[in-house]
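Spelled out from the first residue to the last, the chains are:
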Amino acid sequence: MRTEQESAVQGGTEQNPQDRGPDGRGPGSGPGRGAGSGSGSTDAVIVRAPTEARNSGTYDIDMIPALDILRQINAEDTTVAAAVGAVLPELARAVELGVAALEKGAAIHYFGAGTSGRIAAQDAAELPPTYGVPAEWVVAHHAGGGEALVRAVEGIEDDWESGRIDASGVAPGSLVVGLAASGRTPYVGGALEAARKRSAATVLISANPDAPLAGGADVHVGVSTGAEVIAGSTRMKAGTAQKLLLNAFSTAVMVRMGRTYSNLMVGVDATNGKLRGRVVTILVEATGLDEQTCAEALTGAEGDTRTALVSLLAEVDAATAARALEKGRGRVRAALTELGLPGQQAPGIQAC
C-alpha cells in the first residue's frame, strides 16, 4: 500500500498505488500500519514530493568553489521567508487552536521524526525559560525517543503504530501538531490518527502543499519550499521553514496567552541574580520608572514579574495586583482593565 505520491519497487518492478483512503492509507496493511512501515519488508519506497526533486539551479554545485557553493545555498534560503508568508492564514488558524487547547487546560503536542522532530524538541524546550510557562504546556515527541534526538534511528519514522502509541496519552481537547517535510511520514500519520480518535485538534506542518497526510488534519500548513539545494536534504529549506513556522506559531500562542506585555517577556520569574537584573530592565522598559523603584516592586511581588508590573502601572500593592491577574487569567492588560485602567499602554507605544 502506498500513497499517490509513492510507489514501491521490489525486484526491479514498480508496484502502483491503489485504493487509498483520505489519510494516504489503504487496504492490505495491518492495524496501525502506514506507508513504508515495512516490518521486514524489502520494498524501496519511492517518494514523489517537492522536497525530493532535483534543483536545476544547483547541478554544478560539486564543481564550483566554496564561495559559489555558499552563494547558491544562500540564494535558495532567501526564498523561504516568502514561502512561509504565503501560509500565514493557515498558521493563524493553528495558533487559535493552540490557544483554545491551553485555555481549556489541555496541551499542545508536537510529533516529528528526524530534522522535524529535533526542531520541534528545540521549540518546546525554549518556551518555559522564555515565557515562564509549565513544560506541560507544549510537549515534543520525537520518533525513536530521546536517543533519536542526537543519533539517527533508521526506520522508526516509517512506523505508523509507533506514532499511534506515542499519541495514545494525548488528552481530549489538546492540539497535536505533526511535522513532516514530505507530508507523508508514517510516524506522524499514526500520531494524527490517534489524536483524532481522542478528540484532539490536529495540525500538519509540511513542505508539501499536496501532502498525503493533509486529509487527516484539521489544518494543513503546507509551505512550498520547492527542491532542496541537495536533492532530498530536507534539513535545509524545508527545515528552515519549519523552524520559522514553529517559532512564529509558539510565539503567537504565548502572546495570545498573555505571556507578554507589549513586546516584553513578562512571564519570566526572577529566580536568580541574572534573571532578576533582566526582569528589572523589563519593568523599567514597561513603566518608565527608575531601576530602584522597579527592583523594590519586584521584591514586593516575590519575584513575580507580572505582579510587579501590574503593581507599578496601577499603583497598587502586590496582593491587589495578584488578585487582578488571577481574575484576568494571568494577562497583564486584562488585570489593568480589572483595576480600572483600560487601554493601558507601555511607554513609547502610540495610541491607535
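Scoring rules and cut-offs
Residues numbered from 1 in each chain as written. Predicted model: local features only at pLDDT ≥ 70, side-chain atom pairs only at ≥ 80, totals over all residues. Heavy atoms only, no water. Helix = DSSP H or I, 4+ residues; strand = E, 2+ residues; numbered from the N terminus. Buried < 20%, exposed > 50% of the residue type's maximum accessible area, 1.4 Å probe, protein only. Contact = heavy atoms within 4.5 Å. Areas by Shrake-Rupley, 256 points an atom, 1.4 Å probe, with all protein chains shown as cover. Arc of directions from axis to C-beta. Polar contact = N/O pair within 3.5 Å; in protein donor to acceptor, adjacent residues only side chain to side chain. Salt bridge = Lys/Arg side-chain N within 4 Å of Asp/Glu carboxyl O. Axes fitted to C-alpha atoms, helices over the stretch in contact; angles between N-to-C directions. Left-handed = near helix turned anticlockwise from the far one by under 90°. Nonpolar A, V, L, I, M, F, W, Y, C, P; charged D, E, K, R; others polar. Core = buried A, V, L, I, M, F, W, Y, C linked by side-chain atoms within 4.5 Å. Pairing = 2+ DSSP bridges. Right-handed = clockwise from strand over helix to strand, strands pointing away.

A closer look at the overall build of the protein chain
Reasoning step 1: Helix and strand counts for the protein chain stand at 13 helices and 10 strands.
Reasoning step 2: Here the protein chain holds 352 residues, and 47% of them are scored as buried.
Reasoning step 3: Residue pairs at least 24 apart in sequence account for 67% of intrachain contacts in the protein chain once pairs closer than 6 positions are excluded.
Reasoning step 4: Summing over all exposed atoms, the protein chain offers an accessible surface of approximately 16300 Å²; the carbon and sulfur share of this is 51%.

Observations concerning helix α10 (residues 291–300)
Reasoning step 1: Along α10, the residues that are buried comprise C294, A295, A297 and L298. In a view along the axis of α10, the buried residues occupy a sector of 160 degrees, so they form one face of it. Facing away from the buried side of α10 by over 90 degrees, the exposed positions are Q292 and E296.
Reasoning step 2: Elements that come into contact with the buried residues of α10 comprise α9 (273–287) and α11 (305–314).
Reasoning step 3: With a side-chain oxygen lying 3.1 Å from the backbone nitrogen of Q292, the N-terminal cap of α10 falls on D290.
Reasoning step 4: In the segment just after α10, E302 is the residue with positive phi, at about 55 degrees.

Focus: the pattern of salt bridges
Reasoning step 1: Taken as a whole and assessed by the stated rule, the structure comprises 9 salt bridges.
Reasoning step 2: Between R71 and D68 there is a salt bridge, with its nearest N and O atoms 3.3 Å apart. Highlighted residues: R71 and D68, both in helix α1 (residues 66–77), separated by 3 residues, approximately one helical turn.
Reasoning step 3: When its relative accessible area of 29% is taken as the criterion, D68 is described as partly exposed.

Some details on the packing of α9 against α10
Reasoning step 1: In contact at an axis separation of 9 Å, α9 and α10 are set at 115 degrees when each is read in the N-to-C sense. α10 is crossed by α9, and the crossing has right-handed handedness. Judged by residue contacts, R276, V279, V280, L283, V284 and T287 of α9 engage E291, C294, A295, L298 and T299 from α10.
Reasoning step 2: Looking at the contact of α9 with α10 residue by residue, the classes come out as 7 nonpolar, 2 polar and 2 charged.

Digging into the nonpolar core
Reasoning step 1: Membership of the largest hydrophobic core comes to 40 residues, with the highest contact counts inside it found for I108, Y110, V177, F249 and V253.
Reasoning step 2: Mapped by element, the contributors of at least two residues to this core are α2 (80–85), α3 (88–103), β4 (108–112), α4 (114–131), β6 (175–180), β7 (201–206), β8 (219–222) and α8 (237–256).
Reasoning step 3: Counting residues per element, this core draws most heavily on α8, at 7 residues.
Reasoning step 4: When neighbours within four sequence positions are excluded, I108 is seen to be in contact with G98, L102, W137, V138, V139, L175, V177, F249 and V253.
Reasoning step 5: Among the nonpolar cores identified, the runner-up in size contains 27 residues, and L264, V268, A301 and A314 belong to it.

Looking at unusual backbone geometry
Reasoning step 1: One non-glycine residue, S199, lies in positive phi territory at about 60 degrees.
Reasoning step 2: Relative to the assigned elements, S199 resides in the loop between α7 (186–197) and β7.
Reasoning step 3: For S199, a relative accessible area of 55% corresponds to the exposed category.

Section: the sheet that holds β7
Reasoning step 1: Taken in spatial order, the 5 strands of this open sheet run β5-β4-β6-β7-β8, and their pairing is parallel. The open sheet has two edge strands with one neighbour each: β5 (138–142) and β8. With strand direction ignored, the average angle separating the axes of adjacent strands in the sheet is 20 degrees.
Reasoning step 2: One ladder, built from 4 bridges, connects β7 with β8; its direction is parallel. When the bridges of β8 are listed, V203 appears paired with V219.
Reasoning step 3: Seen against the sheet, α3 touches β4, β6, β7 and β8 and runs at an angle of roughly 135 degrees to β8.

Regarding the environment of A321
Reasoning step 1: Along the chain, the position of A321 falls in helix α12 (residues 318–327).
Reasoning step 2: Measuring from C-alpha to C-alpha, the distance between A321 and A335 comes to 7.5 Å, with 14 residues separating the pair along the chain.
Reasoning step 3: Those residues in contact with A321 that sit more than four places away from it in its chain are T307, V310, S311 and V316.

Some thoughts on the environment of A227
Reasoning step 1: Among the secondary structure elements, A227 is positioned in the loop between β8 and α8.
Reasoning step 2: The buried category is assigned to A227, whose relative accessible area is 15%.

Some remarks on the pairing of β5
Reasoning step 1: As judged from the 5 bridges shared by β4 and β5, these two strands associate in the parallel manner. Considered in β5, the bridge of Y110 is made with A140.
Reasoning step 2: Read as a crossover between parallel neighbours, the route from β4 over α4 to β5 is right-handed.

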